[in-house]
Amino acid sequence: GKVFDWNQKEEHAMGSSTSPLHLIRVDLSPSDYVHVPQAPRIERRPIFARGPGNEWEMSGVVGIDAAGKCLGISNHTWSHLDAPYHLLADGASLDEIAPSQYLASRARVIDLTHTDSVRSETVNGVRYHSRIDVPDIPEDVTGYDALLFVTGFGELIDRGYPMSPDADHHYPNVTEGAAERICGIDSIKLVGIDSPSFDKPETNACAHRILLGRKPVPVLLLETLTCERLRRAISPLPREVLLTVELLRAFGTRPDGALASVYAYAHPGGNQSQLDGLISLMCGASA
């Protein structure tokens, strides 16, 4: 299941109150390992299947290209976190980034799915916001840890569209001006998007360079999210969520990123006090 209803007593998370705690957790990761042209499709394969004479159940994953050849898995195949070293030779690798920068964040949701036709693009019948510019960033983002851009492209991710030829020219992207605006918000340490990249090929990775290159604290990038389950679970979208990033695997001696399971926690009825309590608990935790 990808949408979980967490209905417990509030005292379990936030002290002595016994009022019901009704929150949902929504998986923002693609349902399949799709998904950028330079990376292989990842197939889940059975290793052991439970049956007569065998009590074990085990599965695994393998990367396969269009010809059926096994390939390696990159740090950017699925929903994933980019570290500065991904693009910048002198940037920090993921093992040099404090987990507190991405594990749990108070995130401002920026819903761009209702954009006008001039600022949108339609592919395979799916209309989405294709160019995130300065006016798309609300004024009330100061104080948030993260931004979550919802463009509507996630439906195409769910269909496997990013594996199509030249699909990267149609990715939603963040402009140079918008990236600089985000960098000017000191509290922001993480930005997520329902696109395989923050850049199109023709932008020369300008958003990556600006955001990952911010000093002294870079803005980390969450890519290849899909927010379609969140859109179905709560309409209109919540203004803010608790965003959690659970890293799965980081390849390399200096990992440039990592596959990650990404979740949004929200209150479907808009109970801000309950969400605030959970965010304070999660974001304030220490080892």
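The preceding data block contains the structure.
These numbers were taken from a predicted model, which means no experiment stands behind them.

What counts, and at which threshold
Residues numbered from 1 in each chain as written. Predicted model: local features only at pLDDT ≥ 70, side-chain atom pairs only at ≥ 80, totals over all residues. Heavy atoms only, no water. Phe/Tyr/Trp six-rings, centres within 6.5 Å; stacked < 30°, edge-to-face > 60°. Helix = DSSP H or I, 4+ residues; strand = E, 2+ residues; numbered from the N terminus. Buried < 20%, exposed > 50% of the residue type's maximum accessible area, 1.4 Å probe, protein only. Lys NZ or Arg CZ within 6 Å of the ring centre and 35° of its normal. Contact = heavy atoms within 4.5 Å. Core = buried A, V, L, I, M, F, W, Y, C linked by side-chain atoms within 4.5 Å. Pairing = 2+ DSSP bridges. Right-handed = clockwise from strand over helix to strand, strands pointing away.

Enquirer: What is the right way to look at the packing of aromatic side chains in this model?
Expert: Aromatic ring pairs: the centre-centre distance and the angle between the two ring planes describe each pair. Within this structure, the stated rule accounts for three aromatic pairs. Residues tyrosine 128 and phenylalanine 153 carry aromatic rings whose centres are separated by 5.0 Å and whose planes lie at 80° to one another, so their mutual orientation is edge-to-face. Of the two residues, tyrosine 128 is situated in strand β9 (residues 126-129) and phenylalanine 153 in the loop between β11 (146-150) and α2 (154-158); the sequence distance between them amounts to 25 residues. Note on tyrosine 128: relative accessible area 0%, which makes it buried. Taking relative accessible area as the criterion, phenylalanine 153 reaches 0% and is therefore assigned buried. Between phenylalanine 153 and tyrosine 171 the ring centres are 5.9 Å apart and the planes differ by 75°, which places this aromatic pair in the edge-to-face class. Placement of the pair is phenylalanine 153 in the loop between β11 and α2 and tyrosine 171 in the loop between α2 and β12 (173-174), with a sequence separation of 18 residues. In this structure, phenylalanine 153 and tyrosine 171 share a single accessibility class: buried. Pairwise contacts between aromatic rings join Tyr128, Phe153, Tyr161 and Tyr171 into one cluster. Looking at arginine 254, its charged tip hangs above the ring of tyrosine 85, at a distance of 4.1 Å from the centre.

Enquirer: Whenever I open this one, unusual backbone geometry confuses me. Can you help?
Expert: Negative phi is the rule for most residues except glycine; trans is the rule for most peptide bonds. For the peptide bond that leads from lysine 215 to proline 216, omega is 0°, which places it in the cis range. Examined against the element boundaries, proline 216 turns out to sit in the loop between α4 (206-212) and β14 (220-223). Across the junction of serine 235 and proline 236, the peptide omega takes the value 0°, indicating a cis bond. Mapping proline 236 onto the fold places it in the loop between α5 (228-233) and β15 (240-249). Phi at asparagine 204 is positive, roughly 55°, even though this residue is not glycine. Mapped onto the elements, asparagine 204 comes out in the loop between β13 (190-193) and α4.

Enquirer: What should I look at first to understand the side chain of threonine 175 in this one?
Expert: Of note, threonine 175 is situated in the loop between β12 and α3 (176-183). When sequence neighbours within four positions are dropped, the list of residues in contact with threonine 175 reads Arg131, Ile132, Asp133 and Val134.

Enquirer: Teacher, can you tell me more about the nonpolar core here?
Expert: Where a protein is soluble and globular, its nonpolar side chains tend to be buried together. Formed by 29 residues in total, the largest nonpolar core has its most connected members in Leu28, Leu190, Leu222 and Leu243. Elements with a contribution of two residues or more to this core: β2 (20-27), β7 (104-111), β11, β14, β15 and β16 (257-266). The dominant element in this core, judged by the number of residues it contributes, is β16, at five residues. Ignoring any residue separated from it by four or fewer positions in sequence, one finds leucine 190 in contact with Leu81, Gln101, Tyr102, Ser105, Asp145, Ala146, Leu147, Val219, Leu220, Leu222, Leu243 and Val245.

Enquirer: How should I be thinking about the pairing of β16 in this particular structure?
Expert: Remember that side chains alternate between the two faces of the sheet whenever the strand is regular. Most of β16 is tucked away, with ten of its ten residues classed as buried. The alternating pattern of β16 places Gly257, Leu259, Ser261, Tyr263 and Tyr265 on one face and Ala258, Ala260, Val262, Ala264 and Ala266 on the opposite face, and all of these are buried. Relative to β16, strand β6 (residues 80-82) is paired through three bridges, and the arrangement is antiparallel. Paired with aspartate 82 across the bridge in β16 is glycine 257. In this structure, β15 lies alongside β16, joined through seven bridges in antiparallel fashion. When the bridges of β16 are listed, leucine 242 appears paired with tyrosine 265.

Enquirer: Before we go on, may I ask you to explain the pairing of β14 in this structure?
Expert: Neither face of β14 is open: one carries Leu220 and Leu222, the other Leu221 and Glu223, and all of them are buried. One ladder, built from three bridges, connects β6 with β14; its direction is antiparallel. Residue pairing across strands places aspartate 82 opposite leucine 221, the latter belonging to β14. By the bridge criterion, three bridges tie β13 to β14 in an arrangement that is parallel. Bridge assignment links leucine 190 to a residue of β14, and that residue is leucine 220. Handedness of the β13-α4-β14 crossover: right-handed.

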